[in-house]
Amino acid sequence: MLRLVAPLLLLLAAPALAQSTQTVRGTVLDADSRAPLPGATVTVLHSDPLIGAASDADGRFALARVPLGRHTLEVRFLGYATRRVPNVLVRAGHETVLEIALTEQPLEGEGVVVQAEAREGRALDDMATVSARSFSVEEARRYAGAVDDPARLAAAFAGVATSGSGVQDNALAIRGNAPKGVGWRLEGVPIPTPSHFAGLTVAGGGGLTLFSGRLLADSDAFTGAFPAEYGDALAGVFDMRFRTGNPSTREHAVQLGVIGLEVASEGPIRAGSDATYLANYRYSTLGLLLPLLPTEGGITYQDLAFKVAVPTRRAGRFEVWGLGGLDAQTQPENRDSTTWEYEQWDRMRTALDLGVGAGGVSHHLVLGSRTYLRSTAAASARHTAWDQDRLADDLSLAPDFALRSTDARLVLGSTVHHKWNARHRLRAGVLAQRLLYDLDLHSAPGEGAPLAPLAESAGASTLVEAFAQSRVTPAQGVDLTAGLHAQHLALTGATAIEPRAGLRLALSDRQSVTLGYGLHSQTEPLRLYLVSPEEGAQPNRDLGFTRAHHVVVGTSREVSGTLRVRVEGYLQRLFDAPVIADSSFSLLNFRQDWTFAEPLVNDGAGENVGVELTLERPLRDGFYALLTGSLFRSRYRGGDGVWRPTRFDQRYAVNALAGREVEIGRNLLGVNVRLAALGGERISPVDAAASRQREEVVFDESRAFEERLPATWLAGLTLTYRVNGPRASHVWALQLKNALGAKDTALDYNLQQRAVEQIREGYPLPVLSYTLEF
């Protein structure tokens, strides 16, 4: 492939043949009502001669013959805050399509206060005052170590740490909370963790994201005291959005790399139609990388994502969207019994098949100039099939473990946005979910014994959520938000009413202080409510929600036009956490346990406290930098009433990122680096005698989480080179994850040594790819 592409690349890079301009098009909307703003002016700053256009009756604009490279757009509309959109990448082969939302400004005296603003990093949800930021698909591609994964990208944000080293999974521990406390949304509705191999070893985590950067629009990440719209989450929320396809022309992309193939296409469904499509498919195999990894098995995964948008003149806009992935992994047994060391890795033949998906239909309706209604019907599901056969001493294989797990949800929701005036905005909605679950787990009770039921359960329930929230601007520079969120789980009868509030006070044009409070609740996986430790008994059917008070105070300052500093302090008090009575166990430390079948009570508690620093220089003049640091403490109280550090009490997380873009003629070279230092997770001491007797790892839970795993240093590197050809762009990329070879730490029982030993595995992962955009 390289021999074929390299000569073509050199030919297309010739300046004489290179395309020099491209079209930038998009839509200008009211940020609250989503109504189009006709007559808005859009200009390319510092263009000579000036390049500009005005939006039409539908808010659409087109800027023709914009030179290739990065530009800043300025958008103006009478009575609205002027918006600057920096770092717009104009490239050959693909038009740039934008959606630009403007905020109406309140009248001050005889005029309108209008100031240019760049919203980089500010949350798209204007109800968020603290612990929130937006991120772009470009950042997911640019940040070293992110590997186009929003979860790995977010690991560079303040308050966010990978669970463990993050080398082998993308699970996130936000402010000392378990990864299962993170909620994911797509197009406004809850979805399962959107990752390949999701939930297999870590609830709330997986291997690699299902999202492709080619479909994502700018999205939001919340790490505490989130707005009233977001429920059923304790740690944080990712609110993901798909962009809309190009309404003018069809465009395509093909990517070839060491981990597989990716193809994408977008454009109008038919010529002259306003209806558009956007689709992306990936098939990946680690076959080319397996020689570098310590495994003899095979890993494959594939995913498909799409969005179809159909605008109408009177009935609003309809959207059909979907996201899904299939995964498979095999691990062969070791038939040389003289080398057996570990039960799991030597005597087991493993086969895994997993699937996860979500899809829906959304309806967007603008009701006049001040009201906007969004309604969605969606469905999602996740399935895990896990089979293991064990080698006997005579090298015969017999079934040892069989798991079939399926959970699904049906969702109906509707949200109304209403702008009373420029000073007062209201948002309210309701979300109803039908939750379904089916588990079938069989295990061999002894060597050579047939499989016997270990856990069998199935059930369904309904979760209903409702919210209302307002944002009021009583005076210039003062923003207040207040709201309520309510949720009810029919299975247990649990109900929660949760107040949320926020304040943003601008001390000057460059500095502001913020304050936020939220009461938050979360359900547990449905199977935990339906466990039956004894025949016919379901002791967890009365289990209530885990709940938490979040308090956040912060300040931010623009040190200069290109440098921002933000500091936040937080306190989280968790209560009604499910625990096992008279035990150190708490679900606040839960990672994954498919065989869990213990009675639980809501007697546990927890506390997370910390301070965070963010120092950021957005991309300007070809250079960006980000430094984040978090110092925190996380502790819990189990069923025995003793306060201890949580599993995720890593104490600190520090990230430093920087990148440089250099124009070489019409082409663009990018160099990006990341360095991170993470405290180690907590772990319980090993009970050596019990482990030797049972020939497996047994922890001394009376001393839960007294020990700590080693700290981790992570480094990543991303190199890109974009060549703008006559009718296409060509992008070479090298993403090197875990450049320092950081190790994940695990404990396993060594059959030869007759002792528990620490296993540390981790290897640099180079991902080389070539992309053609045309």
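Note that the structure is predicted; figures quoted are calculated from it, not measured. (Residues numbered from 1 in each chain as written. Predicted model: local features only at pLDDT ≥ 70, side-chain atom pairs only at ≥ 80, totals over all residues. Heavy atoms only, no water.)

Helix and strand counts for the protein chain stand at six helices and 44 strands. For the protein chain, whose C-alpha radius of gyration is 27 Å, the value lies close to the compact-globule estimate of 28 Å for 774 residues. A principal-axis box enclosing the C-alpha atoms of the protein chain has dimensions of 80 × 65 × 45 Å. With 774 residues in all, the protein chain has 54% of them scored as buried. In the protein chain, the share of contacts with a sequence separation of at least 24, taken over all contacts with a separation of at least 6, comes to 65%. Summing over all exposed atoms, the protein chain offers an accessible surface of approximately 31,800 Å²; the carbon and sulfur share of this is 57%. (Helix = DSSP H or I, 4+ residues; strand = E, 2+ residues; numbered from the N terminus. Rg over C-alpha atoms; globule rule 2.2 N^0.38 Å. Buried < 20%, exposed > 50% of the residue type's maximum accessible area, 1.4 Å probe, protein only. Contact = heavy atoms within 4.5 Å. Areas by Shrake-Rupley, 256 points an atom, 1.4 Å probe, with all protein chains shown as cover.)

Using the criterion set out here, one finds 51 salt bridges in the structure. Taking the shortest distance from any N to any O, the salt bridge between arginine 60 and aspartate 56 comes out at 3.9 Å. Relative accessible area serves as the criterion here: at 32%, aspartate 56 is assigned to the partly exposed category. The shortest N-O distance in the salt bridge between arginine 374 and glutamate 229 comes to 3.5 Å. A residue pair is termed long-range when its members are at least 10 positions apart, and arginine 374 in strand β24 (residues 371-391) and glutamate 229 in the loop between β16 (219-222) and β17 (236-240) qualify at 145 residues. Of the two residues examined, arginine 374 and glutamate 229, each falls in the buried class. (Salt bridge = Lys/Arg side-chain N within 4 Å of Asp/Glu carboxyl O.)

Bringing the sheet that holds strand β4 (residues 60-67) into the picture now. Taken together, the three strands give an open sheet; going across it, the order is β4-β1-β7, and neighbouring strands pair in mixed fashion. Both edges of this open sheet fall to β4 and β7 (96-102), since each of them pairs with a single strand only. Mean inter-strand twist for the sheet, computed between neighbouring axes without regard to direction, equals 25°. Inspection of the sheet shows strand β1 (residues 21-30) paired to β4 by six bridges, in the antiparallel sense. Residue pairing across strands places glutamine 22 opposite valine 66, the latter belonging to β4. (Pairing = 2+ DSSP bridges. Axes fitted to C-alpha atoms, helices over the stretch in contact; angles between N-to-C directions.)

Further remarks concern the confidence of the model for the protein chain. When pLDDT is averaged along the protein chain, the result is 90; 93% of the residues meet or exceed 70. A low-confidence stretch, residues 1-17 (pLDDT under 50), is modelled with 18 contacts involving residues beyond four sequence positions or located in other chains. Under a pLDDT of 50 for its full length, residues 109-115 has, in the predicted model, twelve contacts with residues more than four places off or in other chains. (pLDDT = per-residue confidence, 0-100.)

With that settled, the discussion passes to the sheet that holds strand β11 (residues 132-135). Taking strand neighbours across the sheet as the criterion, the five strands line up as β11-β16-β17-β14-β15 in an open arrangement whose pairing is mixed. Each end of this open sheet is capped by a strand with a single partner; those strands are β11 and β15 (189-191). If you compare each strand with its neighbour and ignore which way they point, the axes differ by 25° on average. Both strand β14 (residues 182-186) and β15 contribute to a ladder of three bridges, which runs antiparallel. The residue bridging leucine 186 from the neighbouring strand is valine 189, located in β15.

Our next topic: the nonpolar core. Generally speaking, soluble globular proteins have nonpolar side chains that are buried together. Phe211, Phe238 and Phe242 are the most contacted members of the largest nonpolar core, which has 40 residues in total. If we skip the residues at most four places from it in the chain, phenylalanine 238 touches Phe135, Pro150, Ala154, Leu172, Val182, Gly183, Trp184, Arg185, Asp220 and Ala221. Core analysis: the second largest hydrophobic core is formed by 35 residues, Leu439, Ala494, Leu543 and Trp594 among them. (Core = buried A, V, L, I, M, F, W, Y, C linked by side-chain atoms within 4.5 Å.)

Next up on the list: the pairing of strand β28 (residues 478-489). Strand direction decides the pairing type here: strand β27 (residues 452-475) and β28, joined by eleven bridges, are antiparallel. By the bridge assignment for β28, serine 470 is matched with alanine 482. What sits between β27 and β28 in their antiparallel hairpin is a turn of two residues, with glycine 477 showing a positive phi close to 85°. One ladder, built from twelve bridges, connects β28 with strand β29 (residues 494-506); its direction is antiparallel. In the sheet register, leucine 480 faces β29, and the bridge partner there is leucine 503. Where β28 folds back onto β29 in an antiparallel hairpin, the turn is made up of four residues, including glycine 493, whose phi is positive at roughly 80°.

The linkage connecting aspartate 48 with the following residue, proline 49, adopts the cis geometry, with an omega of 0°. Relative to the helices and strands, proline 49 resides in the loop between β2 (41-44) and β3 (51-54). At arginine 175, a residue that is not glycine, the phi angle is positive and equals roughly 55°. Positive phi, normally seen in glycine, also occurs at phenylalanine 197, with a value near 55°. Its place among the elements puts phenylalanine 197 in the loop between β15 and β16.

This part is about the environment of phenylalanine 467. With respect to the helices, strands and loops of the structure, phenylalanine 467 is situated in strand β27. Linking phenylalanine 467 and phenylalanine 774, residues 307 residues apart in sequence, is a C-alpha distance of 44 Å. Discounting chain neighbours no more than four positions away, the residues touching phenylalanine 467 are Ala228, Glu229, Thr415, Arg427, Ala428, Gly429, Leu484 and His485.

This paragraph deals with the side chain of aspartate 748. Along the chain, the position of aspartate 748 falls in strand β42 (residues 744-750). Residues in contact with aspartate 748, not counting those within four places in the same chain, are Tyr342, Trp345, Val697, Ala755, Val756, Glu757 and Ile759.

Here we come to a nonpolar patch on the surface. Judged by side-chain polarity, Val567, Val611, Leu613, Leu615, Leu627, Leu631, Tyr652 and Val654 come together as a nonpolar surface patch covering roughly 590 Å² of accessible area. Residue assignment for the nonpolar patch shows that the elements contributing at least two residues are β33 (601-620), β34 (623-637) and β36 (652-664). The biggest single contributor to the nonpolar patch is β33, with three residues. With respect to the element layout, leucine 631 can be found in strand β34. (Patch = residues over 30% accessible without salt bridge, like charges linked within 9 Å, V, L, I, M, F, W, Y side chains within 5 Å.)

Another aspect to go through is the packing of aromatic side chains. Inspection of the entire model under this criterion finds eleven aromatic pairs. Where phenylalanine 135 meets phenylalanine 238, the ring centres are 6.4 Å apart and the plane angle is 70°; that geometry is what we call edge-to-face. Taken together, the positions of phenylalanine 135 in strand β11 and phenylalanine 238 in strand β17 put the pair 103 residues apart, joining distant regions of the chain. Neither residue differs from the other here; phenylalanine 135 and phenylalanine 238 are each classed as buried. A centroid spacing of 6.1 Å and a plane angle of 75° characterise the contact between tyrosine 636 and phenylalanine 705, whose relative ring orientation is edge-to-face. Of the two residues, tyrosine 636 is situated in strand β34 and phenylalanine 705 in the loop between α6 (688-694) and β39 (707-708); the sequence distance between them amounts to 69 residues. The pair tyrosine 636 / phenylalanine 705 is uniform in exposure class, with both members buried. Put simply, the rings of Phe135, Phe157, Trp184, Phe211, Phe238 and Phe242 touch in pairs and so form one group of aromatic residues. Here arginine 133 stacks its cationic end above the ring of phenylalanine 157, 4.5 Å away from the centre of that ring. (Phe/Tyr/Trp six-rings, centres within 6.5 Å; stacked < 30°, edge-to-face > 60°. Lys NZ or Arg CZ within 6 Å of the ring centre and 35° of its normal.)

Let's shift gears to the pairing of strand β26 (residues 424-443). Relative to β26, strand β25 (residues 397-421) runs antiparallel, the two sharing 20 bridges. Each bridged residue has a counterpart across the sheet, and for histidine 418 the counterpart in β26 is leucine 426. Pairing of β26 with β27, which is carried by 20 bridges, proceeds in the antiparallel orientation. Residue pairing across strands places leucine 439 opposite serine 457, the latter belonging to β27.

Along the chain, leucine 373 falls in strand β24. For leucine 373, a relative accessible area of 25% gives the class partly exposed. Along the primary structure leucine 373 and aspartate 220 are separated by 153 residues, whereas in three dimensions their C-alpha atoms are 20 Å apart. Leucine 373 has contacts with His363, His364, Leu365, Leu367, Ser414, Thr415 and Val416, leaving out every residue within four places of it along the chain.

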